[in-house]
Each structure stands twice: as C-alpha cells, then as structure tokens.
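Here are the chains, one letter per residue:
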Amino acid sequence: MSNPQDSNSSLKIKITEDMKSSMKSGDKKRLAAVKLILAAIINQEVNTRKDLSDENIFEILKKLSKKNKESLAYYREENRNDLAEQEEFELSVIKEYLPEDMPEEEIKQMIEAIISEKSIQQMSQIGEIMSELKKRSNNRADMGFASKFVKENLS
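Given the structure is predicted, the values throughout are model-derived calculations rather than measurements. (Residues numbered from 1 in each chain as written. Predicted model: local features only at pLDDT ≥ 70, side-chain atom pairs only at ≥ 80, totals over all residues. Heavy atoms only, no water.)

**Remarks on the nonpolar core**
- In this structure, Ile 15, Ile 37, Ile 41, Leu 61 and Tyr 97 are the most contacted members of the largest nonpolar core, which totals 20 residues.
- Elements that contribute at least two residues to this core include exactly helix 1 (10-25), helix 2 (28-48), helix 3 (54-77) and helix 4 (81-97).
- Excluding anything up to four places from it in sequence, Ile 37 contacts Ile 15, Leu 61, Leu 64, Val 93, Ile 94 and Tyr 97.
- Among the nonpolar cores identified, the runner-up in size contains 16 residues, and Met 102, Ile 120, Ala 141 and Leu 154 belong to it. (Core = buried A, V, L, I, M, F, W, Y, C linked by side-chain atoms within 4.5 Å. Buried < 20%, exposed > 50% of the residue type's maximum accessible area, 1.4 Å probe, protein only. Helix = DSSP H or I, 4+ residues; strand = E, 2+ residues; numbered from the N terminus. Contact = heavy atoms within 4.5 Å.)

Here it is, written out as structure tokens:
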C-alpha cells in the first residue's frame, strides 16, 4: 500500500488531512468519525490491492451513509438517543465529503428521459435504468428514491 499522498485521490488526501487536524485540535468525536471513513477506504484498497479514485471513495461513502441512516432509524425506534446522536454526527461528517444529492425533480426527469430514450416498458429492465442513471447523475442521485420512482412508473 502506498502513501496517501501518492494516491490519485484528492478526496483521500483531504480526509487524511482532516484526520490530522482533528488530532491536533483534540476533537475526539470528529476524529473517530473521520478514522471510520478512512478505515473503510483503506480496507477497500487492501481488498482490491489498488489505490481508489474519488469515484470509488464516493461509492464507499454512500454505503457508509446508507448504513448510518439504517442504524439511525433503528436507534430512534429503540429510543437509544445516545447512539442515534452518534450516528447522526457520523452521517454529517460523511456528507461533508459527498457531492450534494440531486433534487428529486431532477432525478425524475432523468429517469423519464432514460425510459423514453431506451424505450423501456418492463420492470425487468430496471437494472438498465438504474445503471444509466448512476452514470448520468455522477452518483449524485438517491438510488432508493430512484428505485421507488421507477417501480411506480413501470408497474
């Protein structure tokens, strides 16, 4: 594994710098959240044996974000406010590194365009729509919302 500065990911460098500044400032809560993100990135690099691009890192951040949202919902349901607050904080740190999500209206228009361009009429073609949406939106589309919208339109 190479030094983070050798990596072609400016995002990984930024996250590493944020970890260092959190250490210096003594912000333990933020440091823990940033370390969690960095650990997920490094873990993926070790598994794939290659440096990750910003796009690869966005994928990891989206997965972490989804996991945090699920945990957050669970902890709120169980009235575990201490754990819910922790998840909420981690989620806010993760979101700092993600591009802003596309507005739902824009996602709907993009999906409608894909459906009409590719003459899609069947539910079995949902994968085709989703993969095209991912490409066109630069991973900024909320895929959960998109999936629900596609299912409503094709059923």
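**Structural notes on the layout of surface pockets**
- Within this model, the largest pocket holds a volume of roughly 570 Å³.
- In terms of lining residues, the largest pocket is bounded by 17 residues, among which Lys 62, Lys 66, Asp 142, Met 143 and Gly 144 are the most central.
- Going through the elements one at a time, helix 3 and helix 7 (143-154) are the ones with two or more residues in the lining of the largest pocket.
- In terms of residue count, the dominant contributor to the lining of the largest pocket is helix 3 (six residues).
- Of the residues in the lining of the largest pocket, the class split is four nonpolar, three polar and ten charged. (1 Å grid on protein atoms, 1.4 Å probe; cavity = no way out; pocket = protein on both sides within 12 Å on 5 of 7 lines; lining within 4 Å. Points joined across faces, edges and corners; volume = space filled by probe spheres on them. Nonpolar A, V, L, I, M, F, W, Y, C, P; charged D, E, K, R; others polar.)

**A look at the packing of helix 2 against helix 4**
- Here helix 2 crosses helix 4 at 60°, and the two axes come no closer than 10 Å. Overall, the two elements helix 2 and helix 4 adopt an arrangement that is oblique. Helix 4 is crossed by helix 2, and the crossing has right-handed handedness. Seen from helix 2, the contacting residues are Lys 29, Arg 30, Ala 33, Val 34, Leu 36 and Ile 37; seen from helix 4, they are Gln 86, Phe 89, Glu 90, Val 93, Ile 94, Glu 96 and Tyr 97.
- Of the residues that constitute the contact of helix 2 with helix 4, the class distribution is eight nonpolar, one polar and four charged. (Axes fitted to C-alpha atoms, helices over the stretch in contact; angles between N-to-C directions. Parallel < 35°, antiparallel > 145°, perpendicular 65-115°, else oblique. Left-handed = near helix turned anticlockwise from the far one by under 90°.)

**What to know about the confidence of the model for the protein**
- Summary statistics for the protein give a mean pLDDT of 89 and a share of 95% for residues scoring 70 or more.
- Of all helices and strands in the protein, the one with the weakest mean pLDDT is helix 7 (88), whereas helix 2 scores best (96).
- The low-confidence segment residues 1-7, where pLDDT is below 50, has 14 contacts with residues more than four positions distant or belonging to other chains. (pLDDT = per-residue confidence, 0-100.)

**Observations concerning helix 6 (residues 126-136)**
- Taken together, the buried positions of helix 6 are Ile 129, Met 130, Glu 132 and Leu 133. The buried residues of helix 6 occupy an angular sector of 165° when projected down its axis, which confines them to one face.
- For helix 6, the elements touching its buried residues are helix 5 (104-117) and helix 7. (Arc of directions from axis to C-beta.)

**Observations regarding the side chain of Ser 137**
- Mapped onto the secondary structure, Ser 137 falls in the loop between helix 6 and helix 7.
- Those residues within four positions of Ser 137 in sequence are excluded, and the remaining contacts are Met 102 and Met 110.

**Overview of helix 5**
- Spanning 14 residues, helix 5 covers 20 Å between terminal C-alpha atoms, matching the ideal 20 Å at 1.5 Å per step.
- For helix 5, the full list of buried residues reads Ile 107, Met 110, Ile 111, Ile 114 and Ile 115. Buried residues of helix 5, seen end-on, are gathered within an arc of 135° and therefore sit on one face of the element. Away from its buried face, by an angle of more than 90 degrees, helix 5 presents the exposed residues Ser 116 and Glu 117.
- Next to the buried residues of helix 5 lie helix 6 and helix 7. (Expected span 1.5 Å × (residues − 1).)

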